[in-house]
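Survey of secondary and tertiary structure
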Amino acid sequence: HHKHIANNNVSDALSREVMLYVQLGQYDKALQVLDNNYFRQWEGVSKAYGSFVDAHLLRGLGYYEKKNFEKALDEFNKALEYPGNMMVARPYRGGRECQIYYYIGMAQKKMGLLDQAISSFDRSAEQRLRPVLSDLHYYRGMSLLELEKSRQADEIFSNLIKIGNDRLESQEVDFFAKFGEKETQEDKASEAWYLIGLGQLGKGELQKAREAFQASVKFNINHVWANVNLKKLK
């Protein structure tokens, strides 16, 4: 029994190490640790898996920005895998697939594979998401835009801005209590500003988006995706 607890602790320490590598932009190192270790999942949450998806998507975005779309597509496709060493099962609600298929579609579009791109955007837009708005809804909105369903997309972006603002105004702590982890007020503010930034970005309000992502990063310097978006907007 003691061994099992040690496993969790080691696994947790490794998950944190991987998260740090992702925050530092060292995706190769992150993926090396992820590939070479066995991660236990507990309380239904796998931090290691989240970092696995982030590392592949962000490494792919690096290629994408260098116009190496084939390599980008390869990384985005790898993000779809559910590695056995992470004990993570394909979630009923599709998990991050909404985000991953959006990026796959973008790479396919750049490669001129338009039929494939449309079917990827369709898959992204059709994912079952939790009703509570999260950044995944942003990617669903972006896929809807690509499918020329701009009214539906705009509604999502407006709601992201609204929920971000509501969260900033309300001091509802329990709304943010995730898996028994008490997030700090700073983390909550960072996430709220991040959602506002995504909503503004979706609407093409780049200056407002930049300001929101700046606020997000001010409250949590390690918010990976707020940092990524901020860099893009600079």
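Quick note: structure is the one above.
Here's what I pulled together on the structure shown here. (Residues numbered from 1 in each chain as written. Predicted model: local features only at pLDDT ≥ 70, side-chain atom pairs only at ≥ 80, totals over all residues. Heavy atoms only, no water.)

1. Structural notes on the overall build of the chain
A count of helices and strands for the chain gives 11 helices and zero strands. Sequence-ordered secondary structure for the chain, helices as α and strands as β, is α-α-α-α-α-α-α-α-α-α-α. Within the span of the chain, comprising 234 residues, buried residues form 47% of the whole. Approximately 12,800 Å² of the chain is accessible, and the part contributed by carbon and sulfur atoms is 50%. (Helix = DSSP H or I, 4+ residues; strand = E, 2+ residues; numbered from the N terminus. Buried < 20%, exposed > 50% of the residue type's maximum accessible area, 1.4 Å probe, protein only. Areas by Shrake-Rupley, 256 points an atom, 1.4 Å probe, with all protein chains shown as cover.)

2. Observations regarding the packing of helix α3 (residues 47–65) against helix α4 (residues 69–78)
Geometry of a packed helix pair, given as the angle between the helix axes and the separation of the axes. Packing of α3 against α4 brings their axes to within 7 Å, and their N-to-C directions diverge by 170°. Relative to α4, the element α3 is oriented roughly antiparallel. Contacts from Phe 52, His 56, Leu 57, Arg 59, Gly 60, Leu 61, Tyr 63 and Tyr 64 of α3 reach α4 at Phe 69, Lys 71, Ala 72, Glu 75, Phe 76 and Lys 78. (Axes fitted to C-alpha atoms, helices over the stretch in contact; angles between N-to-C directions. Parallel < 35°, antiparallel > 145°, perpendicular 65-115°, else oblique. Contact = heavy atoms within 4.5 Å.)

3. Considerations on the packing of aromatic side chains
This structure, assessed with the given rule, holds 12 aromatic pairs. Plain terms: the ring middles of Tyr 49 and Tyr 82 are 5.3 Å apart, the flat faces sit at 20° to each other, and that makes the pair stacked. Taken together, the residues span a long stretch of sequence, with Tyr 49 in helix α3 and Tyr 82 in the loop between α4 and α5 (97–110) at a distance of 33 residues. Of the two residues, Tyr 49 and Tyr 82, both sit in the buried class. Joined through ring pairs, the aromatic side chains of Phe 76, Tyr 102, Tyr 103, Phe 121, Tyr 138, Tyr 139, Phe 157 and Trp 225 make up one cluster. Against the face of Phe 219 rests Lys 218, its NZ or CZ located 5.2 Å from the ring centre. (Phe/Tyr/Trp six-rings, centres within 6.5 Å; stacked < 30°, edge-to-face > 60°. Lys NZ or Arg CZ within 6 Å of the ring centre and 35° of its normal.)

4. With respect to the packing of helix α10 (residues 206–219) against helix α11 (residues 224–233)
Following both chains from N to C, one finds α10 and α11 inclined at 140°, their axes separated by 9 Å at the closest point. Here α11 runs oblique to α10, going by the angle between their axes. For α10 against α11, the interelement crossing comes out left-handed. Residues Leu 206, Ala 209, Arg 210, Phe 213, Gln 214, Ser 216 and Val 217 of α10 lie in contact with α11, whose contacting residues are Ala 226, Asn 227, Asn 229, Leu 230 and Leu 233. Class assignment for the residues of the contact of α10 with α11 results in seven nonpolar, four polar and one charged. (Left-handed = near helix turned anticlockwise from the far one by under 90°. Nonpolar A, V, L, I, M, F, W, Y, C, P; charged D, E, K, R; others polar.)

5. A look at the environment of Gln 127
Mapped onto the elements, Gln 127 comes out in the loop between α6 (114–126) and α7 (135–146). Polar contacts involving the side chain of Gln 127 include one to the main-chain carbonyl oxygen of Arg 123, which spans 3.2 Å. (Polar contact = N/O pair within 3.5 Å; in protein donor to acceptor, adjacent residues only side chain to side chain.)

6. Brief notes about the nonpolar core
Counting residues in hydrophobic clusters, the biggest one holds 65 residues, and the most contacted among them are Phe 76, Phe 213 and Trp 225. Ranked by residues supplied to this core, first place goes to α3 with nine residues. (Core = buried A, V, L, I, M, F, W, Y, C linked by side-chain atoms within 4.5 Å.)

7. Concerning unusual backbone geometry
Backbone geometry at Lys 67 places phi at a positive 65°, although glycine is not the residue there. Taking the relative accessible area as the measure of exposure, Lys 67 reaches 63% and is therefore exposed.

8. A look at the pattern of salt bridges
Under the definition given, this model contains seven salt bridges. Close ionic contact of Glu 146 with Lys 109 constitutes a salt bridge, the shortest N to O distance being 2.8 Å. With Glu 146 in helix α7 and Lys 109 in helix α5, the pair connects residues that are 37 residues apart, well separated along the chain. Given a relative accessible area of 27%, Glu 146 falls into the partly exposed group. Under the relative-accessibility criterion, Lys 109 is labelled partly exposed at 38%. When the shortest N-O distance is used, the salt bridge between Lys 203 and Asp 154 registers 3.1 Å. Remark: Asp 154 occurs in helix α8 (residues 150–169) and Lys 203 occurs in the loop between α9 (185–202) and α10; sequence separation between them is 49 residues. (Salt bridge = Lys/Arg side-chain N within 4 Å of Asp/Glu carboxyl O.)

9. Concerning the environment of Phe 39
Of note, Phe 39 is situated in the loop between α2 (27–35) and α3. The class for Phe 39 is buried, based on a relative accessible area of 0%. Sequence-wise, Phe 39 and Leu 14 are 25 residues apart; in three dimensions their C-alpha atoms are separated by 8.3 Å.

Interpretation note: all reported values are geometric properties and have no functional meaning in isolation.
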